[in-house]
Amino acid sequence: MKECDRIVDGIRHPWATKDEILEAMKTFEVREDDVWLITYRKSGTTWTAQIITILSCGCDVRKIDEIDPKDRVSFLDVLKQGMTEFAHVTTAKKPSPRIIMGTHFQSRHMPRELTTKKPKIFYVARNPKDVAVSFYYFHKSNKLLKTFESWDEYFQAFYDGDLVGGSWFDMNLYWWNRRNEDNVLFLKYEDMKEDLGSAIVKMSEFLGWPIPEGKLEEVVKHCSFGNMKKNPKFNYREMIDISVSPFMRKGMVGDWKNYFTVSQNEAFDKLYEEKMQGSGLTFRFEL
Ligand code: A3P
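A.B. asks: Mind showing me how you'd approach the site of the ligand here?
C.D. replies: Around the ligand lies a shell of 18 residues, among which T45, T46, S134, K250 and G251 are the nearest. One nitrogen or oxygen atom from the main chain of G44 is found 3.1 Å from an oxygen atom belonging to the ligand. At a separation of 2.7 Å, a nitrogen atom of the ligand approaches a polar side-chain atom of Y189. Burial of the ligand by the protein chains amounts to 97% of its free accessible area of 580 Å². Secondary structure elements with two or more residues in the shell around the ligand: helix 2 (45-56) and helix 12 (225-230). If you tally residues by element for the shell around the ligand, the top one is helix 2, at three residues. Its residues assigned to classes, the shell around the ligand shows seven nonpolar, seven polar and four charged.

A.B. asks: I keep staring at the environment of V184 and nothing clicks. Help me out?
C.D. replies: For V184, the position within the fold is in strand 6 (residues 184-188). Considering only alpha carbons, one finds V184 and N227, 43 residues apart in sequence, at a separation of 28 Å. Not counting residues within four places of it along the chain, the set of residues in contact with V184 comprises I121, W175, R178, R179 and F206.

A.B. asks: In this structure, what is going on with the packing of helix 6 (residues 128-141) against helix 7 (residues 151-159)? I would like to understand it.
C.D. replies: The axes of two packed helices give the description: the angle between them and the distance between them. Two elements in contact, helix 6 and helix 7, have axes whose closest approach is 11 Å; the angle formed by their N-to-C orientations is 125 degrees. With respect to helix 7, the element helix 6 is oriented oblique. Between helix 6 and helix 7 the crossing geometry is right-handed. Mapping the contact onto sequence places P128, V131, A132, V133, F135, Y136 and H139 in helix 6 and W151, Y154 and F158 in helix 7.

A.B. asks: Would you mind showing me how to read unusual backbone geometry here?
C.D. replies: It is generally the case that most residues other than glycine have a negative phi and that most peptide bonds are trans. The omega torsion of the bond from S96 to P97 falls at -5 degrees, within 30 degrees of zero and hence cis. Secondary-structure assignment places P97 in the loop between helix 5 (87-93) and strand 4 (99-103). Backbone geometry places D9, a non-glycine residue, at a positive phi of 50 degrees. Along the chain, D9 falls in the loop between strand 1 (6-8) and strand 2 (11-13). We note that K42 has phi near 70 degrees; this positive angle belongs to a residue other than glycine. For K42, the location among the structural elements is in the loop between strand 3 (35-39) and helix 2.

A.B. asks: Sorry if this is basic, but what is going on with the packing of aromatic side chains here?
C.D. replies: The geometry of two aromatic rings is summed up by the distance between their centres and the angle between their planes. Within the structure shown, the criterion is met by 32 aromatic pairs. Taken together, a centroid distance of 6.4 Å and an interplanar angle of 35 degrees make the contact between F135 and F138 tilted. A residue pair is termed a helical-turn pair when its members lie 3 or 4 positions apart in one helix, as F135 and F138 do in helix 6 at three residues. When the centroid spacing of 5.4 Å and the interplanar angle of 75 degrees are considered together, the rings of Y136 and Y137 count as edge-to-face. Across the pair, Y137 and Y136 agree in class, each one buried. We note K42 situated over the ring of F138; from NZ or CZ to the ring centre the distance is 3.8 Å.

Cut-offs applied
- Numbers given to residues run from 1 along each chain, matching the order in which its sequence is written.
- For a predicted model such as this one, the threshold for reporting local features is a pLDDT of at least 70, and the threshold for listing and counting side-chain atom pairs is 80 or more; totals across whole chains, interfaces and linings nevertheless cover every residue.
- Excluding hydrogens and water, the side-chain values take into account all heavy atoms of the structure.
- Consider each residue's heavy atoms; a residue with any of them within 4 Å of a molecule or strand counts as near.
- Pairs of N or O atoms are called polar contacts if they sit within 3.5 Å, as long as, within protein, a hydrogen donor faces a hydrogen acceptor (for residues adjacent in sequence, only side-chain-to-side-chain pairs).
- Every accessible area reported is derived by Shrake-Rupley at a probe size of 1.4 Å, with residue values counting cover from the shown protein chains alone.
- In this description a helix means any DSSP run of H or I spanning at least four residues, a strand means any run of E spanning at least two, and both kinds are numbered starting from the N terminus.
- All amino acids are sorted into three groups, where Ala, Val, Leu, Ile, Met, Phe, Trp, Tyr, Cys and Pro are nonpolar, Asp, Glu, Lys and Arg are charged, and the leftover types, Gly among them, are polar.
- Contact criterion: two residues are considered in contact whenever any of their non-hydrogen atoms come within 4.5 Å of each other.
- Each axis is a line fitted through C-alpha atoms, taken for helices only over the stretch in contact, and angles between the N-to-C directions span 0 to 180 degrees.
- The scheme is simple: roughly parallel for angles under 35 degrees, roughly antiparallel for over 145, roughly perpendicular for 65 to 115, oblique for anything else.
- By definition, turning the near helix anticlockwise from the far helix through less than a right angle yields a left-handed crossing, and turning it clockwise yields a right-handed one.
- Only centres within 6.5 Å qualify two rings of Phe, Tyr or Trp (six-membered ring in Trp) as a pair; their planes then separate them into stacked at under 30 degrees, edge-to-face at over 60, and tilted for everything else.
- When accessible area is computed with a 1.4 Å probe and restricted to protein chains, residues below 20% of their type maximum are described as buried, those above 50% as exposed, and intermediate ones as partly exposed.
- Consider the ring centre and the ring normal. A charge sits over the ring if Lys NZ or Arg CZ is within 6 Å of that centre and within 35 degrees of that normal.

Shown next, in the form of structure tokens:
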């Protein structure tokens with residue numbers, strides 16, 4: 001039986017985002033030497049988290065294989081099954097520098113200190129049509145999220161910004177408008193997909209964590225979709241029914257074309273135009 005989500009302050013939250021978590025974010029202490037990874041769901045969080053973790057280990061990919069992604073990715077937003085303590089409580093006790101991965105809060109719910117302190121913040125954006133499809137499958141396979149009767153019903157909810165995490169437009173526009181702050185690195189999934197090596201170099205320079213001579217190629221190979229898909233650790237089996245859809249699904253740009261009807265595509269392009277007008281934020285919808 002899937003649990004229900006609910007709306008708090010105008011944004012839909014999954015059941016696992018408890019009221020205590022939303023309350024705690026108001027006073028959660030951010031540290032200047034933190035590294036944060038913030039994304040709208042299905043935009044490449046796991047991928048980017050893996051790259052940041054490898055960079056933090058001096059690009060020793062053998063070391064990283066010993067770390068369970070579930071142990072290092074601190075999703076502050078949710079109380080995961082089996083967790084005896086909220087992630088914000090655990091994270092508050094961690095020594096610096098902390099790497100805080102996978103936060104999907106819209107600006108109104110994120111830790112307030114993320115606007116006053118200057119930790120390193122990665123924001124990863126992915127074109128909304130591929131996000132929509134990826135999120136559709138995530139709803140189907142995730143035991144804690146609503147399953148939609150049909151793609152059409154789901155599409156309307158995505159279009160309306162009525163899914164857990166709220167509107168794709170609001171969140172991406174917020175971070176796009178902060179992209180020029182010194183402590184913010186705004187990345188695009190499509191750029192990572194096209195040239196992962198350059199994206200990794202950019203990330204390493206932003207962090208000030210150099211890539212040892214001759215290691216880049218190994219890191220690129222390690223973080224390729226094919227390699228990560230083979231790794232059972234990335235399928236988060238407790239929460240995902242992989243017989244419905246694996247977590248590492250297709251990892252491509254342009255899969256939306258197999259789902260959006262012509263009229264849905266036209267309506268979505270119009271909505272994008274309205275919402276993003278004048279922002280300068282554009283995406284590639286195919287490579
Ligand atoms: P698809 O469902 O389109 O395959 P998140 O981690 O934010 O939930 O994002 C998940 C999406 O990122 C999934 O997209 C997943 O396959 C994709 N992804 C994960 N690792 C990837 C990689 N190494 N290269 C490309 N895409 C990757």
